[in-house]
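Structural characterization, general
Read off the chains here:
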Amino acid sequence: MNLLEVRNLRVNYRSYWYTYHVLNDVSLQVSQGDKVGLIGESGSGKTTLLKSILQILPPQGRIVSGEVLWKGTDLLKVSKDYVTNVRRKEVGMIFQDPLGALNPVFKVKEQFLDILRHSHSDHDKSDHLSLAEELLRSVMLPDTARVLESYPFQLSGGMRQRVIIAMALASARDLLLADEPTTNLDVTIQDQILRLIGELVVKRGLSMILVSHALGMVAKMTHRVYVMYAGSIVEEAPTLKLFSEPLHPYTSMLIESAPRLASTRLGEGIKGNPPDYRYPPSGCRFHPRCPYATGICKEVRPPNVEVSKHRYVACHMYSEGAGGG
Ligand code: SF4
């Protein structure tokens, strides 16, 4: 059985005037021990997908349809308490912004103990401090006493991100969701942090979904990759296959533009802009930017086709009878 299975998830955001059709029938699976990468330009819906799994969407977000099966139970059909418990004890998430993820007015110690009070409610309270120290040491923060007594602004960006990782590990007994865990960090420590996450995930026997623009690290740290474009999964493949022989036109362009994606000028490598989610393109959402688009691409949404073992692509060039693939 899959640890996590997302089926046909649709999510909208609503503003006063408009509805934004952000996730468009997204499906994804993570089995025990799986390391899954999720790649795509900024704004393609990756963060929305992770937040939908944990049901921590902002108030404008609404899950319209679909299923989020966690160990076989649909989290969209159970009580809030059940989901909160999964969030506190089974699935940890590392957010993009380490400063925003920590409360500036409380010391690290208070925030960490508060998390452990929920995630390790089965432990004696007196054990929580030593557990916090142990988790901080595991993320290579040796001076644990000083870190715990610090306010977030007194720590460097790299140290704050390590604190966030340690806190996420407290909750992640089964699955770690790492959403751009090195954004806003100095490039010199981005690799270090990603490597650390990779090592901890293996050491603790966790499964992981890694969202990152650092495609080289995704290639090293994952077994399987999902490619997301404009709220849809357009390709899924074993990592090595995906990077060596991308099938979907968008995947190829994304990989070709990797050096630019790894810098701050995200998305400049692919001509055109991601669509307006208020009025997403008909048919294949990528057709306005795709050099191979034909008439059918504008009219019919391409089915997700298994082109070879464990390889899926949503593109008419690979649909039966289209002569592709
Ligand atoms: Fe391009 Fe058509 Fe394939 Fe979409 S379905 S990626 S528009 S060829």
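Residues numbered from 1 in each chain as written. Predicted model: local features only at pLDDT ≥ 70, side-chain atom pairs only at ≥ 80, totals over all residues. Heavy atoms only, no water.

1. What to know about the site of the ligand
Rules: To be near a molecule or strand, a residue needs just one of its heavy atoms within 4 Å of it. Each residue receives one of three labels: charged for Asp, Glu, Lys and Arg, nonpolar for Ala, Val, Leu, Ile, Met, Phe, Trp, Tyr, Cys and Pro, and polar for the others, Gly being one of them.
Inspection of the region around the ligand gives 13 residues, with Cys-284, Cys-290, Cys-297, Cys-315 and His-316 positioned closest. In the shell around the ligand, the residues fall into 10 nonpolar, three polar and no charged.

2. Comments concerning the nonpolar core
Threshold: By nonpolar core we mean a set of buried residues, namely Ala, Val, Leu, Ile, Met, Phe, Trp, Tyr and Cys, connected to one another through side-chain atoms within 4.5 Å. Only protein chains enter the accessibility calculation, which uses a 1.4 Å probe. A residue is then buried if its area is under 20% of the maximum for its type, exposed if over 50%, and partly exposed in between. Going along the chain from the N terminus, every DSSP run of H or I of four or more residues is numbered as a helix, and every run of E of two or more is numbered as a strand. Contacts were defined at the residue level, with two residues in contact if any of their heavy atoms lie within 4.5 Å.
The biggest cluster of nonpolar side chains holds 90 residues, and the ones touching the most others in it are Leu-4, Leu-49, Phe-112, Val-163, Leu-175, Ile-197 and Ile-209. Per element, the largest residue contribution to this core is eight residues, and it comes from helix α7 (residues 157-171). Ignoring anything within four residues of it in the chain, the contact list for Val-163 reads Leu-102, Val-108, Leu-136, Leu-141, Val-147 and Leu-155.

3. What about the sheet that holds strand β6 (residues 91-94)?
Applied cut-off: By definition, two strands form a pair when at least two bridges between them are found by DSSP. Under this scheme, a helix contributes an axis fitted over its contacting stretch, all axes are lines through C-alpha atoms, and angles between N-to-C directions fall in the 0 to 180 degree range.
In spatial order, the strands read β6-β7-β8-β3-β9-β10-β12-β11; together these eight strands make up an open sheet with mixed pairing. Of all the strands in the sheet, just β6 and β11 (304-308) have a single pairing partner and so form its edges. In this sheet, neighbouring strand axes are inclined to one another by 20° on average, regardless of whether the strands run parallel or antiparallel. Across six bridges, strand β9 (residues 224-229) lies against strand β10 (residues 232-238) in antiparallel orientation. What sits directly across from Arg-224, in β10, is Pro-238.

4. Digging into the pairing of strand β8 (residues 207-211)
Short version of the rule: Crossover handedness is defined by viewing with both strands directed away from the observer: a clockwise path from the first strand over the helix to the second marks the crossover as right-handed.
By the criterion of burial, β8 is predominantly enclosed, with five of the five residues buried. The two faces of β8 match: Ser-207, Ile-209 and Val-211 on one face and Met-208 and Leu-210 on the other face are all buried. Pairing between strand β3 (residues 35-39) and β8: four bridges, direction parallel. Its bridge partner lying in β8, Val-36 is registered against Ile-209. Across five bridges, the pairing between strand β7 (residues 175-179) and β8 is parallel. The residue bridging Ala-178 from the neighbouring strand is Leu-210, located in β8. For the crossover from β7 across helix α8 (residues 187-203) to β8, the handedness is right-handed.

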